[in-house]
Amino acid sequence: MAAPESGDGNNGAARMVTLISSDNTRFEVEAAAASLSQTLQLTILDGGGGGGDGIPLPNVDSATLSKVLEYCIKHAPAAANGGAPNATAVDRAELERFDNEFVNIDQSVLYSLIMAAHNLEIEGLQSLVAKKVADMIKGKSPMEIRRTLGFPDPTPEEQAEMNAHMLEYGWAYE
Amino acid sequence: MPRAKRALDRRQRSLIDLPEEILSVILLLLPPKSVLRCRPICKAMRRLASDRAFLLAHHRRQPPQRLYSFIRDVGTYPEDLAIFDYCLEALDLRTYEFRSVARFTANDYDCSIGESPFAVLGSCDGLLLMSWSNLLYLCNPATRQWISISPLRLQHDTVMGLYCHGPSSDYRVLYCRRSDREPLFFINTVGSKKERKQSLLLLEPSLRTRRPPRAEKAPTMAEPEQGGAAAFIRDAPFRVVLEIVRRLPTRSAIRIRAVCKPWRDVTAHPALLAVLHRLQPPQPLLCFGRAACPNRYIPLRDYCVEALNLRSDKLRSIFRFTDYSYLNYDRFVGGDQVAPIDDFAVDYHDYDECHDAECFMPRLTVHASLDGLLVVSFLHAWYVCNPATRQWAPLPDLSYCDVVGFYEHISSGEYRVMYQIGKDDEHVSTYYYVLTVGTRLSRIIGCPISPEAAEDMGLDIGLDPAKFSPPVQLRRNLHWPPQERQGYHILVFNTESELFHWMSPPVRDKDMRLLEIEGKLALSVSRMNKATLELWRLEDYQNEIWVQMFRIQLAVAQMTELHREDWSPAVVSPEGDVLIECPYRVLHCDRNGNLLQKFLFPDEAASARHALRESLLQHAIFLAPKWHNVSEPPFYMGL
């Protein structure tokens, strides 16, 4: 997996840092983008990750990390502006469109993304993926939720257990 | 030596005159509690009993005691109260005597989730590292001092040890975070909050070499094989689950429990539900009635309670039911053909006796709101309801008295209703009663005033009922907004000692309401038909120091209805939202005084005195078997 384009690479002042995924792929990104992660921010402020060193991320594989960085690079300029104040409606609409597109992914990718967002403490991404999962669950019956999320059909035992629970709060399943 | 010890207890004067070395030898023999008690005796004793060298010697002298932690069921036959005593006792190996070190009472926990939520994770230098569900504390049981240790997430982290870091004398907690591939080790220095990231050991070059060789690539996460979603939720960290569940409407948050067992275990966990409850913004409740079929001659009436989302200005039904309209009821009384709509036994016959003269329609009345529970009544039927889960518990008929408060008795976990009898009667004093939810028996507490309060400031003539002037519970005290009949003092009831006393508000004015903001008492100050409001907060409870948070000037010119009618505004949120009650309308303004939204109530003025913060937490009061002859509240028709 190759490193994604690192935004405005030839912006003279931009500092680059290297992140190393669990399978030893190296990613070079702008420090500003990587700093969206609370976990990495301190290390980067301390001057880590520059030059040949790199910051190892033993929790994140390269496929997930490239996806995470795609998000960070897209969101870094807005975050640098302090979010909303300077952003125009067009910019925000564009980010929103990007976000919607971004989480339109396979479920297994989504789960690794959730864990990565959590481990790296990227606030915006955390709420984006949480919202995606919530939307997959909202307004569905337990069986529909099972189907949406790729559960196998319930065993008779499981079915009995589900029914017992649905009896307890009958109104919630009407 | 024992003689000397007895002498100390008797506080003979000569004892103090003993040389310090001898005194300290005596003190060494005392148990920790007695050493603490010696401190107030005199300056010399205080110095001696606080001296670091002495305390260290005393500590070294204490025999190590084996700790046992266990739980004990509080409830007995016939019903399981789902309450446990969580106990920690120390066994003295010389005497084989047990001594209680920690004990508290709390709700049952879900055994399927795992071990008891209360655990001792480490012991070092007389300090105990203890956890209660996901909270972690370092305590000194001898002095009862404690500190909470914040950044750990116990679902996810395993505490490996507590130790004293030699060079700095800091106490540190070593813990391990499970992950798919390799465990990560962290160190938390007790008393600081930010070091977690700095001590991410795998980022330290010196330690990186110590990592065990990596095993084969773990296959987890990669394939969405069967139960992938189940495993995901089961193993996901607390924060991840929280972020998902808090975005779900209540109904979906309950539904997901039926999906599968791992989901149920995680999403019904009391710790998760408690945090969800705290994240809910309080929503003002609007109580009103309306004609169910306004354009037809069908005498049906809707009785409604709706919650207002102050951010979206949307109303959401909490309670709604339809019944024959009272005004038309007479026409039907004679005819047997009219069956009640619901088996909810409404008895209108003595309606006039039990209701305020000015209120000529029966109302679905909210008397109190606390922890997501509402005390609600319709005529003679009284309930405690949790609208989020639709659970309910009956209350005895309280229509003949004034309910003045609803609170949690913290040391027992009971919910209690307080009411008064004898208000405004010149010939008798007002008496206050306490009723524990789940029982039918009330206990009279009379009119008890704390000895610290110099005089009765109007307790004797009674309080405005809680449906108009709801109190706010903070910790163990219940506080009523300043009322004219209390001389505009804040009346306080200590729920443990059951005594009343008073506090001073920052201003004296006509119309004041209390609310809770970030664990502090706040006061909305306004006057009828006046455009200026203030919000004050009690920053220092002990010294009664109030600080003004906002002053709001309503843009009255925007709101033409205010020129014709009487209106009463109040601040209802920490953000400074204002609700204005006027006949047949409720107006919502922001903190700049600008009108945001109008809500019309053509039939009956809505009252907006309470706020609801929804909770899915399991309350023991709903688990008890229901009484005979009590019908289920029909408050959710079509909802």
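Residues numbered from 1 in each chain as written. Chains lettered and ligands numbered in written order. Predicted model: local features only at pLDDT ≥ 70, side-chain atom pairs only at ≥ 80, totals over all residues. Heavy atoms only, no water.

Per an unreviewed UniProt entry, the recorded name for chain B is F-box domain-containing protein, and the organism is Eleusine coracana subsp. coracana.

Chain A is annotated in an unreviewed UniProt entry as SKP1-like protein from Eleusine coracana subsp. coracana. As recorded by UniProt, the Function (unreviewed entry) comment attached to chain A reads in full: "Involved in ubiquitination and subsequent proteasomal degradation of target proteins. Together with CUL1, RBX1 and a F-box protein, it forms a SCF E3 ubiquitin ligase complex. The functional specificity of this complex depends on the type of F-box protein. In the SCF complex, it serves as an adapter that links the F-box protein to CUL1." (UniProt positions renumbered as here; feature names shortened; annotations may be inferred.)

Attention shifts here to the overall build of chain B. Secondary structure assignment for chain B yields 15 helices and 34 strands. The buried share among the 639 residues of chain B stands at 47%. Sequence-distant contacts, at least 24 apart, represent 47% of the contacts inside chain B between residues at least 6 apart. With the model as given, the accessible surface of chain B reaches about 32,600 Å², and the carbon-plus-sulfur share is 51%. (Helix = DSSP H or I, 4+ residues; strand = E, 2+ residues; numbered from the N terminus. Buried < 20%, exposed > 50% of the residue type's maximum accessible area, 1.4 Å probe, protein only. Contact = heavy atoms within 4.5 Å. Areas by Shrake-Rupley, 256 points an atom, 1.4 Å probe, with all protein chains shown as cover.)

Across its full length, chain A holds eight helices and three strands. Scanning chain A from its N terminus toward the C terminus, one meets helices and strands in the order β-β-α-α-β-α-α-α-α-α-α. Residues classed as buried in chain A amount to 46% of the 174 residues present. Contacts in chain A between residues at least 24 apart in sequence constitute 59% of all its contacts with a sequence separation of at least 6. By element, 50% of the accessible surface of chain A is carried by carbon and sulfur atoms, the whole surface being about 8,500 Å².

Mapped onto this numbering, the UniProt entry annotates "domain: SKP1 component dimerisation" (unreviewed entry) at residues 124-163 of chain A. Secondary structure over residues 124-163 of chain A splits into 72% helix and 0% strand, and the C-alpha atoms at its two ends are 37 Å apart.

Residue and element names in this part refer to chain B. Spatially, S22-S23-S24-S25 is the arrangement adopted by the four strands of the open sheet, whose pairing is antiparallel. At either end of the open sheet lies a strand with only one pairing partner, and these are strand S22 (472-474) and strand S25 (499-503). Within the sheet, the average angular offset between the axes of one strand and its neighbour, ignoring direction, is 30 degrees. (Pairing = 2+ DSSP bridges. Axes fitted to C-alpha atoms, helices over the stretch in contact; angles between N-to-C directions.)

Turning our attention to the pairing of strand S17 (residues 391-395) of chain B. Residues and elements named next belong to chain B. A large share of S17 lies buried, amounting to five of its five residues. Along S17, one buried face is formed by Gln 391, Ala 393 and Leu 395 and the opposite face, lined by Trp 392 and Pro 394, is buried too. Strand direction decides the pairing type here: strand S16 (residues 381-386) and S17, joined by five bridges, are antiparallel. Pairing of Trp 382 across the sheet is with Leu 395, part of S17. Connecting S16 to the next strand, S17, in antiparallel fashion are four residues, including Arg 390 with a positive phi near 60 degrees.

Take the pattern of salt bridges next. Residue and element names in this part refer to chain B. The full count for this structure, using the stated rule, is 29 salt bridges over all chains. Note that Arg 551 is salt-bridged to Glu 534, the shortest N-O span being 2.8 Å. Of the two residues, Arg 551 is situated in strand S29 (residues 545-553) and Glu 534 in strand S28 (residues 532-540); the sequence distance between them amounts to 17 residues. Here the salt bridges do not stand alone but share partners, grouping Arg 239, Glu 243, Arg 246 and Arg 247 into one network. (Salt bridge = Lys/Arg side-chain N within 4 Å of Asp/Glu carboxyl O.)

This part is about the nonpolar core. With 72 residues, the main nonpolar core has A:Leu19, A:Leu125, B:Phe232 and B:Trp263 as its most contacted residues. Residues in contact with B:Trp263, not counting those within four places in the same chain, are A:Ile137, A:Ile145, A:Leu149, A:Phe151, B:Ala229, B:Ala230, B:Ile233, B:Ile256 and B:Ala268. (Core = buried A, V, L, I, M, F, W, Y, C linked by side-chain atoms within 4.5 Å.)

Within the secondary structure, B:Leu273 sits in helix H13 (residues 270-279). Taking the C-alpha atoms as reference points, B:Leu273 and B:Ser615, 342 residues apart in sequence, are found 7.1 Å from one another.

Moving on, we come to the sheet that holds strand S31 (residues 578-582) of chain B. Residue and element names in this part refer to chain B. Strand order across the open sheet formed by four strands is S30-S31-S32-S33, with antiparallel pairing between neighbours. At either margin of the open sheet sits one strand with a lone partner, and together these are strand S30 (568-571) and strand S33 (595-600). On average, adjacent strands in this sheet sit at an angle of 20 degrees to one another, irrespective of strand direction. Pairing of S30 with S31, which is carried by four bridges, proceeds in the antiparallel orientation. Within S31, the position partnered with Ser 568 by the bridge is Glu 581.

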